[in-house]
Amino acid sequence: MGMTESNYAKITGGLKREHKSFINLMPLQTGGILTDAAREALMEFGDGYSVCDFCLGDLSNITNPPIKKFVHEFLPQFLGCEVATITHGAREAKFTIMHSLTKPGETIVVDGNRHYTTIVAAERVVLNVIEVPSSGYPEFKIDVNDYMPLIEKHHPKLILLTYPDGNYGNLPDARRLGKIAAEYDVPYILNGAYAVGRMPIKMDDVGADFIIGSAHKSMASAGPCGVLGMKEKWEDILLRKSALYQNKE
Ligand SMILES: *Cc1c(COP(=O)(O)O)cnc(C)c1O
């Protein structure tokens, strides 16, 4: 069952990404660097261990290893939210929210520095995406006050802010947008793919309805994994169960 080293090399041609003698200066993508505890766990998990062995149908509620504690206790605390879950990446968190809160043909407003995964998530839900333009060259800043006229004009079902964006590292006034979202009563997604795990950030402090992190970018791990925090009022809509499989979201 297990692939021997030589087998692996034969199939892959060996690991092409030689990095032993280099220092990775890219500050945003260090999620794959293991802590000593994680390295120890990895050795244990390496020989075919699977969390599914202990799964009763719901990944978030596995008690050994303590995923349940992580998802239901540590993660909401860490994200500053009431309810949290884990997803297949930040992109899937965005899709989950958009798919649950909107219908095809409806409109959302996002910042002009949005990541492409915001667009492809919206495309999967068949949404109209209106972008708040940035100031353009050279700073590409987003003034969150510019959301207001677009909210008034388009009546979006959701607004989204990228914090920070991946190209310029701009940190728009996310808190101010929280006030605007409350004023217009529109659910607010904070895409913190590059903030969560990298800098202090709490959803309740910002006043967002949702916070998204990318576990394999900045936060925690090497696997394709994301985190999604939300206000309790969205739990029943977002984490609703399948009619046919009652322990499956
Ligand atoms: C990479 C990235 C995403 C997507 O994250 P995944 O976890 O890979 O889905 C979303 N937003 C920003 C700003 C990113 O850089």
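Everything that follows concerns the structure shown earlier in this document.
Treat the numbers as computed from the prediction; the structure is a model and nothing was measured.

This part is about the site of the ligand. Around the ligand, 13 residues are found, and the nearest of them are Ala90, Arg91, Ser214, His216 and Lys217. The side chain of asparagine 191 places a nitrogen or oxygen atom 2.9 Å from a nitrogen atom of the ligand. Coverage of the ligand by the protein chains reaches 97% of its 380 Å² of free accessible surface. Those elements giving two or more residues to the shell around the ligand turn out to be α4 (90-101) and α9 (215-219).

Here the structure, examined in full by the defined rule, presents two aromatic pairs. Each ring, one from phenylalanine 140 and one from tyrosine 168, has its centre 4.1 Å from the other, and the planes form 0°; the classification is stacked. Placement of the pair is phenylalanine 140 in the loop between β3 (128-132) and α6 (147-154) and tyrosine 168 in the loop between β4 (158-162) and α7 (174-184), with a sequence separation of 28 residues. A cation sits over an aromatic face here: arginine 124 above phenylalanine 95, 3.7 Å from the ring centre.

With that settled, consider α6. Turning to α6, its buried residues are Tyr147, Met148, Leu150 and Ile151. End-on, the buried residues of α6 take up no more than an arc of 170°, which puts them together on one face. Looking one or two residues past α6, histidine 155 carries a phi angle of roughly 45°, positive in sign.

What follows covers the environment of proline 104. Secondary-structure assignment places proline 104 in the loop between α4 and β2 (107-111). Every residue in contact with proline 104, bar those within four places of it in the chain, is listed here: Val125 and Val126.

Among the secondary structure elements, threonine 102 is positioned in the loop between α4 and β2. What makes threonine 102 buried here is its relative accessible area of 7%. Looking at threonine 102, its side chain comes within polar contact range of the main-chain oxygen of methionine 98, at 2.6 Å. Discounting chain neighbours no more than four positions away, the residues touching threonine 102 are Ile108, Val125, Leu127, Lys157 and Leu158.

Below, the discussion takes up the pairing of strand β1 (residues 83-87). Burial analysis of β1 places four of its five residues in the buried class, which makes it a mostly covered element. Judged from the five bridges that link them, β1 and strand β7 (residues 226-230) form a sheet pairing that is antiparallel. Paired with threonine 85 across the bridge in β7 is leucine 228.

Basis of the calculations
- Residues numbered from 1 in each chain as written.
- Predicted model: local features only at pLDDT ≥ 70, side-chain atom pairs only at ≥ 80, totals over all residues.
- Heavy atoms only, no water.
- Near = heavy atom within 4 Å.
- Polar contact = N/O pair within 3.5 Å; in protein donor to acceptor, adjacent residues only side chain to side chain.
- Areas by Shrake-Rupley, 256 points an atom, 1.4 Å probe, with all protein chains shown as cover.
- Helix = DSSP H or I, 4+ residues; strand = E, 2+ residues; numbered from the N terminus.
- Phe/Tyr/Trp six-rings, centres within 6.5 Å; stacked < 30°, edge-to-face > 60°.
- Lys NZ or Arg CZ within 6 Å of the ring centre and 35° of its normal.
- Buried < 20%, exposed > 50% of the residue type's maximum accessible area, 1.4 Å probe, protein only.
- Arc of directions from axis to C-beta.
- Contact = heavy atoms within 4.5 Å.
- Pairing = 2+ DSSP bridges.

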